[in-house]
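Examining the three-dimensional arrangement
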Amino acid sequence: MTVASSAAQAFRDAYGAEPTGLWAAPGRVNLIGEHTDYNDGFVLPFALPQHVVAAASPAEGPDWTVCSTFAEGSVSFGATEPGGVEGWAGYVAGVVWALQEAGFEVPPARIAFASDVPVGAGVSSSAALESAALTALVELGGLELPVADRPALAQRAENVYVGAPTGIMDQSASIRCTEGRALFLDCRSLEVEQIPFDLAAAGLAILIINSNAPHQHVDGEYGARRKSCEEAARILGVPALRDVDPAGLDAALARLGDDVTRRRVRHIVTENQRVLDTVELLRAGRIREIGPLMTASHASMRDDFEITVAQVDVAVEAALAAGAYGARMTGGGFGGCVLALIDADRADETTAAVERAYAEHDFTAPATWPAVPGPGAARLS
Ligand code: GLA
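Our subject in this report is the structure included herewith. What you see is a predicted model; the values in this text were computed from it and never measured.

Here the focus is the environment of Val 123. Structurally, Val 123 can be placed in the loop between β6 (109-115) and α3 (125-140). For Val 123, a relative accessible area of 1% puts it in the buried group. Val 123 sits 94 residues away from Val 29 along the chain, and the two C-alpha atoms are 5.6 Å apart. With sequence-adjacent residues up to four places away left out, Val 123 is seen in contact with Gly 27, Arg 28, Val 29, Leu 48, Val 117, Pro 118 and Cys 337.

Here it is in structure tokens:
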């Protein structure tokens, strides 16, 4: 059964009627540009084919009722304040709250969700849920909310309602990505460029390796990184670390008092440049050559930003030793997935090499699958 038919079936089972429509929003991986989003910098995510599907219909007001295939029972709520609904339904209540706070009259609705986006793997299952709910509610209510303005509302749901201090990348990816492309996003201007990313035509593949070390940003490490970046920008007298010119990096670092802050800043400034360099190569159709940038990004996350864990480092090393052109962790860190850029016919060998390395370290075997850039949020039917 597809995710869409599961969502429709869950809707029928819970509400005894056919849904008015089905809306999907994908998970994402980030090709390069980690922790740069909340520094007003650059990111380059692409959407996964895995998605959350919302089967939805308008309802008699004043409430919203939501259920899903991934949790028991249904949850009903009216207008709430941040934190008012907890658990998975809080992401949906947060979207309703953010829309209302922005002045929209949100249509009361009944929604059933289904998903095949892995949870806890760092591929943005929560942003996919927010984006599916947002897209369904906006379209059900005929709300005049341009696509380019939607990610910021979904991000507000996550930041203020759910209370996770994330940047705007994940919701932007889920809402604005297009099939076969990577999304080059300037997180300051919110301008995007859809960068062709036809791996198959180049005989290449991106293998996703789920390290199985569950990632956590709520545990304070993510917030701590964000705080040091903001503090460094304040000391350097710039609006955000995006404004530190790589050519002036050494001089900027010399003005910072402690070594940890210097390394955090070095990661952000060099990572922004790696995104720009990656985009240049992709525009020129030189996909294979982005490998060393990916690997340099990983080293920077491991040594300077200190957000990797043993499982992801081992996966990166093993993939590179098996001949990958480049490999790096993707997402917020402390676990999650690794991306390896490989020849399309080397997926099995690469997987076997990572499995052997994991066995040697007594790590739980990783799941791997090829990443194909899928479409962003849209109505399915
Ligand atoms: C998480 C956050 C994003 C971004 C990444 C790191 O996925 O939700 O906003 O900061 O981490 O690049």
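Further notes follow.
Surveying the vicinity of the ligand reveals 13 residues, the closest of which are Glu 34, His 35, Asp 37, Asp 170 and Tyr 222. For the ligand, an oxygen atom lies 2.5 Å from a polar atom in the side chain of Asp 37. Gly 332 places a main-chain nitrogen or oxygen 3.4 Å from an oxygen atom of the ligand. In the complex, 98% of the free accessible area of the ligand, which totals 310 Å², lies under the protein chains. The residue makeup of the shell around the ligand, split by class, is three nonpolar, six polar and four charged.

Another point: helix α9 (residues 291-303). A rise of 1.5 Å per residue sets the reference length of α9, with its 13 residues, at 18 Å; its end C-alpha atoms lie 19 Å apart and thus fit the reference within 8%. Regarding α9, the residues found buried are Gly 291, Leu 293, Met 294, Ser 297, His 298, Ser 300 and Met 301. Buried positions along α9 lie against β9 (204-210), α8 (259-283), α10 (310-321), β10 (326-330) and β11 (337-343).

Read across the sheet, six strands follow the order β5-β4-β6-β3-β1-β13 without closing on themselves; strand pairing throughout is mixed. Looking along the sheet, the strands with just one partner apiece sit at the ends: β5 (71-77) and β13 (378-379). Relative to β6, strand β4 (residues 64-68) runs parallel, the two sharing four bridges. From the neighbouring strand, Cys 67 faces β6, where its bridge partner is Ala 112. The sheet contacts of helix α1 (residues 3-15) involve β1 (21-30), β3 (45-58), β4 and β6, and relative to β6 the element is tilted by about 140°.

This brings us to unusual backbone geometry. At the junction of Gly 61 and Pro 62, the peptide bond is cis and its omega measures out at 0° in the coordinates. Phi at Asn 212 takes a positive value of approximately 65°, unusual for a residue other than glycine. Along the polypeptide, Asn 212 turns up in the loop between β9 and α6 (221-236). Given a relative accessible area of 33%, Asn 212 falls into the partly exposed group.

Turning our attention to α6. Spanning 16 residues, α6 covers 23 Å between terminal C-alpha atoms, matching the ideal 22 Å at 1.5 Å per step. Taken as a whole, α6 has its buried residues at Tyr 222, Arg 225, Arg 226, Ser 228, Cys 229, Ala 232, Ala 233 and Leu 236. Summarising the axial view, the buried residues of α6 lie within an arc of 160°, below the 170-degree limit, and thus occupy one face. Residues of α6 that are exposed and point more than 90 degrees away from the buried face comprise Lys 227 and Arg 234. The inward-facing, buried residues of α6 contact α7 (249-254) and α8. A positive phi of about 70° marks Gly 237, the residue just after α6.

Applying the stated criterion to the full structure yields 23 salt bridges. The network of salt bridges with common partners includes Glu 34, Glu 271, Arg 274 and Arg 328.

This brings us to the pairing of β11. The buried fraction of β11 is high, at six of seven residues. Counting the residues that bridge the hairpin from β10 to β11 gives six residues, and of these Gly 331 lies at a positive phi of roughly 95°.

Below, the discussion takes up the environment of Arg 274. Locating Arg 274 in the fold gives a position in helix α8. Linking Arg 274 and Met 294, residues 20 residues apart in sequence, is a C-alpha distance of 8.2 Å. For Arg 274, the contacting residues outside a window of four places in its chain are Ile 32, His 267, Leu 293, Ala 296, Ser 297 and Ser 300. Polar contacts involving the side chain of Arg 274 include one to the side chain of Ser 300, which spans 3.1 Å.

Turning next to the nonpolar core. Within the largest apolar cluster, 69 residues are counted, with the highest numbers of intra-cluster contacts made by Leu 31, Leu 44, Leu 99, Phe 113, Leu 137, Phe 197 and Ile 206. With nine residues, α3 is the single largest residue contributor to this core. What Leu 137 contacts, discounting residues up to four positions off in sequence, is Trp 64, Val 95, Val 96, Leu 99, Val 106, Pro 107, Ala 109, Ile 111 and Leu 143.

This part takes up the sheet that holds strand β2 (residues 42-43). Pairing within the open sheet is antiparallel, and its three strands lie in the order β2-β7-β8. A single partner strand is all that each edge strand has here, and the edge strands are β2 and β8 (192-196). One ladder, built from two bridges, connects β2 with strand β7 (residues 181-186); its direction is antiparallel. Directly across from Phe 42, in β7, lies its bridge partner Asp 186. Strands β2, β7 and β8 of the sheet are contacted by helix α5 (residues 169-176), whose axis makes an angle of about 135° with β7. α8 contacts β2, β7 and β8 of the sheet and is inclined by roughly 50° relative to β8.

Scoring rules and cut-offs
- Residues numbered from 1 in each chain as written.
- Predicted model: local features only at pLDDT ≥ 70, side-chain atom pairs only at ≥ 80, totals over all residues.
- Heavy atoms only, no water.
- Helix = DSSP H or I, 4+ residues; strand = E, 2+ residues; numbered from the N terminus.
- Buried < 20%, exposed > 50% of the residue type's maximum accessible area, 1.4 Å probe, protein only.
- Contact = heavy atoms within 4.5 Å.
- Near = heavy atom within 4 Å.
- Polar contact = N/O pair within 3.5 Å; in protein donor to acceptor, adjacent residues only side chain to side chain.
- Areas by Shrake-Rupley, 256 points an atom, 1.4 Å probe, with all protein chains shown as cover.
- Nonpolar A, V, L, I, M, F, W, Y, C, P; charged D, E, K, R; others polar.
- Expected span 1.5 Å × (residues − 1).
- Pairing = 2+ DSSP bridges.
- Axes fitted to C-alpha atoms, helices over the stretch in contact; angles between N-to-C directions.
- Arc of directions from axis to C-beta.
- Salt bridge = Lys/Arg side-chain N within 4 Å of Asp/Glu carboxyl O.
- Core = buried A, V, L, I, M, F, W, Y, C linked by side-chain atoms within 4.5 Å.

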